[in-house]
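One letter stands for each residue in the lines below.
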Amino acid sequence: MAEQERMVEAMLFASAEPLTAAQMAARMPQGCDAAEALVHLRRRYEGRGVQVVRVGDSWALRTAPDMGFLMREETVETRKLSRAAIETLAIIAYHQPVTRAEIEEIRGVSVSRGTVDQLLEMEWIRFGRRKMTPGRPVTFVVTEAFLDHFGLESARDLPGLKELRAAGLLESRPPVGQPGAGEGDVDAEEAPDTGQSELFED
């Protein structure tokens, strides 16, 4: 098992992307148990500067959260997500799989196509299964890249909606059908072009 731990450790260290236990097992000699080796390796790394973390169904080596301040000089934040993009992303994360129409119903306003396209390009969301309703609309779900970016093991680890609203990440809007909501209430992204990206704001 010690040798299997070394194999798993080597693969996680060298990989640019998180790896599943099945992917690692396929590279290991027959009879090895990558899943069990990961359990032992994760325990061995507890309390150290680097940890073995689960990202969805995959695994990766990541800097311990309390050591993140050491990396600040290497982190460059250029632009922030717009409120519309944050709300759209949050709805997908909490209600996945969810269709565009359902996103618009929850937000109470139309969703700009550019917002969804940009989130797809960032690989934070992806297309899910088509819904078995008239028209078979496509659904959206968050990706492992989204979970990895926010240090989440799964979507179940997301903070509660009350916490998001308290942090100002979700804006309370009037229900659909009330003044100021509905088809006539569109995102700021759908206003005339001002030279800024539909998804980002300075």
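Here the residue numbers are simple positions, counted from 1 along each chain's written sequence. Given that this is a predicted model, residues contribute local features only at a pLDDT of at least 70 and side-chain atom pairs are listed and counted only at 80 or more, while totals for whole chains, interfaces and linings are drawn from all residues. Side-chain measures here rest on the full set of heavy atoms in the structure, leaving out hydrogens and waters.

## Things to note about the overall build of the protein chain
Only DSSP runs of H or I reaching four residues or more are called helices, and only runs of E reaching two or more are called strands; each is numbered from the N terminus. The helix and strand inventory of the protein chain stands at eight helices and eight strands. Pairs at least 24 residues apart make up 57% of the contacts formed inside the protein chain by residues separated by at least 6 positions. Entry remark: accessible area of the protein chain is about 13,000 Å², with carbon and sulfur atoms responsible for 50%. The contact definition used throughout considers only heavy atoms, calling two residues in contact when any of these lie within 4.5 Å. To measure how exposed things are, a 1.4 Å probe is used in the Shrake-Rupley method; for residues, cover is taken only from the protein chains shown.

## Regarding the sheet that holds strand β2 (residues 50–55)
Being paired, for any two strands, means DSSP has found at least two bridges between them. As summarised here, the arrangement of the three strands in space is β1-β3-β2, forming an open sheet in which the pairing is antiparallel. In this open sheet, the two edge strands, each paired with only one partner strand, are β1 (19–20) and β2. Two strands pair when backbone bridges link them, and β2 and strand β3 (residues 58–63) are joined in this way by six bridges, in the antiparallel orientation. Note that in β3 the partner of valine 55 across the bridge is serine 58. The sheet contacts of helix α1 (residues 2–14) involve β1, β2 and β3, and relative to β3 the element is tilted by about 70°. Strand contacts of helix α3 (residues 34–44): β2 and β3, with the helix running at about 135° to β2, the strand carrying the most contacts. Only the contacting stretch of a helix is used when fitting its axis, a line to C-alpha atoms as for every element, and angles between N-to-C directions run 0 to 180 degrees.

## Brief notes about the sheet that holds strand β7 (residues 139–142)
Strand order in the open sheet formed by three strands is β5-β7-β6, with antiparallel pairing between adjacent strands. Each having just a single partner strand, β5 (98–99) and β6 (125–127) make up the two edges of the open sheet. With two bridges joining them, β5 and β7 adopt antiparallel strand pairing. Bridging from a neighbouring strand, valine 98 pairs with phenylalanine 140 of β7. Strands β5, β6 and β7 of the sheet are contacted by helix α4 (residues 83–95), whose axis makes an angle of about 90° with β7.

## Let's talk about the nonpolar core
In terms of nonpolar packing, the biggest core is built from 20 residues, with Leu89, Ile92, Ile103, Ile125, Phe140 and Phe146 touching the most fellow members. When contributions to this core are tallied by element, the ones reaching two or more residues are α4, α6 (113–121), β7 and α7 (144–149). In terms of residues, this core owes the most to one element, α4, which gives five residues. Apart from residues lying up to four places away in sequence, phenylalanine 140 is in contact with Ile92, Gln96, Pro97, Val98, Arg100, Ile103, Val116, Leu120, Ile125, Arg126, Phe127 and Gly128. Nine residue types can take part in a nonpolar core, namely buried Ala, Val, Leu, Ile, Met, Phe, Trp, Tyr and Cys, and a core is a set of them joined through side-chain atoms within 4.5 Å. Remark: exposure states derive from per-residue accessible area (1.4 Å probe, protein chains only) relative to the maximum for the residue type, with buried under 20%, exposed over 50%, and partly exposed in between.

## So, the pattern of salt bridges
Definition used for salt bridges: Asp or Glu carboxyl oxygen within 4 Å of a side-chain nitrogen of Lys or Arg. With the rule as written, the count across this model stands at six salt bridges. Put simply, aspartate 148 and arginine 62 hold a salt bridge, and the shortest N to O gap is 2.5 Å. Of this pair, aspartate 148 sits in helix α7 while arginine 62 sits in strand β3, and the two are 86 residues apart along the sequence. On the basis of relative accessible area, aspartate 148 is assigned to the partly exposed category, the value being 22%. Look at arginine 62 and you get partly exposed, because its relative accessible area is 29%. Residue glutamate 102 pairs with lysine 131 through a salt bridge whose shortest N-O separation is 2.2 Å. Residue glutamate 102 is found in helix α5 (residues 100–107), and its partner lysine 131 is found in the loop between β6 and β7; the two are separated by 29 residues along the sequence.

## Describing the pairing of β7
Residues Thr139 and Val141 point to one face of β7 and Phe140 and Val142 to the other, with burial holding for every one of them. Here β6 pairs with β7 via three bridges, running antiparallel. If you follow arginine 126 over to β7, its bridge partner there is valine 141.

## Some points on α3
Residues of α3 that are buried include every one of Ala34, Ala37, Leu38 and Leu41, and no others. The buried residues of α3 occupy an angular sector of 105° when the element is viewed end-on, so they sit on one face. Of the surrounding elements, those touching the buried residues of α3 are α1, α2 (21–27), β2 and β3. The opening residue of α3, the one whose side-chain oxygen lies 3.2 Å from the backbone nitrogen of alanine 35, is aspartate 33. When we speak of the arc, we mean the arc of directions from the helix axis to the C-beta atoms. N or O atoms within 3.5 Å of each other form a polar contact, as long as, within protein, one can give a hydrogen and the other can take it, and as long as residues adjacent in sequence are counted only when both atoms are side-chain atoms.

## What to know about the environment of glycine 128
Topologically, glycine 128 is positioned in the loop between β6 and β7. Distance in space between the C-alpha atoms of glycine 128 and valine 138 is 6.6 Å, their sequence separation being 10 residues. Leave out the neighbours within four places in its chain, and glycine 128 touches Val138, Thr139 and Phe140.

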